[in-house]
Amino acid sequence: MRLDGVELYRIAMPLVSPFRTSFGVQTTRDVLLVRAVTGEGDGWGECVAMSAPLYSAEYVDAAADVIIRFLVPALAGVDLDVTTVRPALDRFKGHSMAKAAVEMAVLDVVLRARGVPLAAHLGAVRTTVDCGVSVGVMDTVPELLDAVGGYLDEGYKRIKLKIEPGWDVEPVRAVRERFGDDVALQVDANTAYTLADVATMVALDPFDLLLIEQPLPEDDLLGHAELAKQVDTPICLDESITSANVARAAIELGAAQIVNIKAGRVGGYLSAVEVHDACASRGIPVWCGGMLETGLGRAANVALAAMPNFTLPGDTSASRRYFARDVTEPFELVNGTLAVPTEPGIGVRPHPDVLAELTEDKRWIPG
Ligand code: OSB
Ligand code: MG
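These numbers were taken from a predicted model, which means no experiment stands behind them.

(A) Quick peek at the coordination of the magnesium ion (ligand 2). For the magnesium ion (ligand 2), every protein donor is listed as Asp 188 (OD), Glu 213 (OE) and Asp 238 (OD), and the spread of their distances is 2.1 to 2.3 Å. In primary-sequence terms, the residues that donate to the magnesium ion (ligand 2) follow D-x24-E-x24-D. Linking Glu 213 in strand β8 (residues 212-213) with Asp 238 in the loop between β9 (235-237) and α9 (244-253), this pair joins segments that are 25 residues apart in sequence. Neither residue differs from the other here; Glu 213 and Asp 238 are each classed as buried.

Given below as C-alpha cells:
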C-alpha cells in the first residue's frame, strides 16, 4: 500500500469548561488531524500536541511543520504496513506527537484494509475499559467539590485532581472529607514541585491516594527516586516517560512505581505497547493518560487501554467531559466504562459535517 498523500486538518474544539493545570488554562482544544490517503482507503490520526510548548516541547504548528517537511516525505515510496511505518519515521529525532499522529493514520488505513481492529492488533484482552476523570485546578474548593460530585454521579471510577503549589493538600482533604475514603483518588502535578516540597508530598500520605503523578521536572529521574523513598504514596511518571528505554531506567532507579502511558508522548501506539511490555515484565502497573483527545484519539486510547497491564482506570473519559459535540460519534460512559471499538482500524470516523464546521485550515501534502 502506497501513500498518495496526507490531508492535514486544523480544528478548533471548544471545551465544555476551562481546563486548568499547573502549566496553564485551556478553553479550546486546538487539534491537528492527519488523514492518510491511499489507493486502498484512508485513515485518521490525531496529534495530541497543544498550541504552546507547555506540557512538552512540542506544539501544534511545529508538529504540522515536521509532518509536512519530514514525515510525509519519509513515507514516499514506502510499502505501508504495520512494520514499515515506524522505522521510516524514527530516523528523525524527537517530535513524538507528530510521529504518533502519522503512525496512527497509517495504522488506521492499513488495519482497516485488512479488517483488523486496532485493539486486536495491539493485544487487547478486554471489551470495555475502566474510566477515570482528570479534574482541573479550580478557583475555590466548593467549585471543585461540585465538579467532583458531578463526575462521581456520572459513574467515573476514579478521580484525578490537578495540583500545584497552593492547591494541593487542602483540595485533597476536602474531596476526602466530602466523598469519603472509598473514592479512588490520585493527583497530578505536571512537574510543578521540587525536592524542597517533600513536606507537601508527605502531607498527602494520610489521604491514601493511588499515586502522585509527575511531581518533579521531567528530566529528574533521580529526584523522583529520592522522593519515592520519602513518601508512602506511589510515584507515577507521565512527562518523564518518553520511550521504553526511559521507562526501564525510571523503574530500575526506583523513580516510578506506576506509569502513565500516552501514545503521543512516546512516539506512537506501537511504542506505547513496548512501554506497556517493559512495565509489565517489571511488575509495574500502567494506565492510559489523555491529552483532551477528540473521539479519534480516544478510540485509539481505549484500544490501548484494553491491554492486560492497564490495571488502573485511565484518563479515558467520555466525549461529553470535554466537548458539547465530538467529531466522531460520542464516547459514552456505561457503568464507569467505555466500550473498546470493534470495527477495523481505530474503529471510528469523523462526522463530515461536524468536521467541516470545526475546520479552520485544511492542507493537502502529496506523498
Ligand atoms: O498531565 O495528564 C496530563 C491534559 C493535557 C495535558 C496533560 C495532561 C492532561 C490531563 C487530562 O490530565 C487528561 C484527559 O482527560 O485527556
Ligand atoms: Mg499527567
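(B) The arrangement of the state of the cysteines in detail. Going through the model one piece at a time under the given rule, you end up with zero disulfides. Free cysteine Cys 236: the closest other cysteine sulfur is in Cys 279, separated by 9.4 Å. Between Cys 288, a cysteine without a disulfide, and Cys 131, which holds the nearest cysteine sulfur, the sulfur-to-sulfur distance is 9.5 Å. For Cys 288, a relative accessible area of 1% corresponds to the buried category.

(C) Just helix α1 (residues 60-75), in detail. Approximately 45 degrees is the largest bend angle found in α1, and it occurs at Ile 67. Those residues of α1 that fall on the buried side of the exposure criterion are Val 60, Ala 62, Ala 63, Ala 64, Val 66, Ile 67, Leu 71, Val 72, Ala 74 and Leu 75. Elements that come into contact with the buried residues of α1 comprise β1 (3-21), β2 (24-38), β3 (41-47), α2 (85-89), α3 (96-114) and β13 (359-366). In the segment just after α1, Gly 77 is the residue with positive phi, at about 85 degrees.

(D) Spotlight on the pattern of salt bridges. All chains considered together, the criterion is met by 26 salt bridges. Of the charged contacts, one joins Arg 282 and Glu 252 as a salt bridge, the two residues approaching to 2.9 Å between their closest N and O atoms. In this pair, Arg 282 sits in the loop between α11 (269-280) and β11 (286-288) while Glu 252 sits in helix α9, placing the two residues 30 residues apart along the sequence. A relative accessible area of 58% places Glu 252 in the exposed class. Three or more residues joined by partner-sharing salt bridges are found here, namely Glu 7, Arg 35, Asp 42, Arg 112, Arg 349 and Lys 362.

(E) Geometry of unusual backbone geometry. Backbone geometry places Gln 214, a non-glycine residue, at a positive phi of 40 degrees. The phi torsion at Asn 335 lies on the positive side, around 50 degrees, for a residue other than glycine. Note that Asn 335 resides in the loop between α12 (295-305) and β12 (337-339). By relative accessible area, which is 69% here, Asn 335 ends up exposed.

The rules behind each value
Residues numbered from 1 in each chain as written. Chains lettered and ligands numbered in written order. Predicted model: local features only at pLDDT ≥ 70, side-chain atom pairs only at ≥ 80, totals over all residues. Heavy atoms only, no water. Donors = N, O, S within 2.8 Å, 3.2 Å for Na, K, Ca; no water. Helix = DSSP H or I, 4+ residues; strand = E, 2+ residues; numbered from the N terminus. Buried < 20%, exposed > 50% of the residue type's maximum accessible area, 1.4 Å probe, protein only. Disulfide = S-S within 2.5 Å. Bend = angle between axes of the 7 residues up to and from the residue. Contact = heavy atoms within 4.5 Å. Salt bridge = Lys/Arg side-chain N within 4 Å of Asp/Glu carboxyl O.

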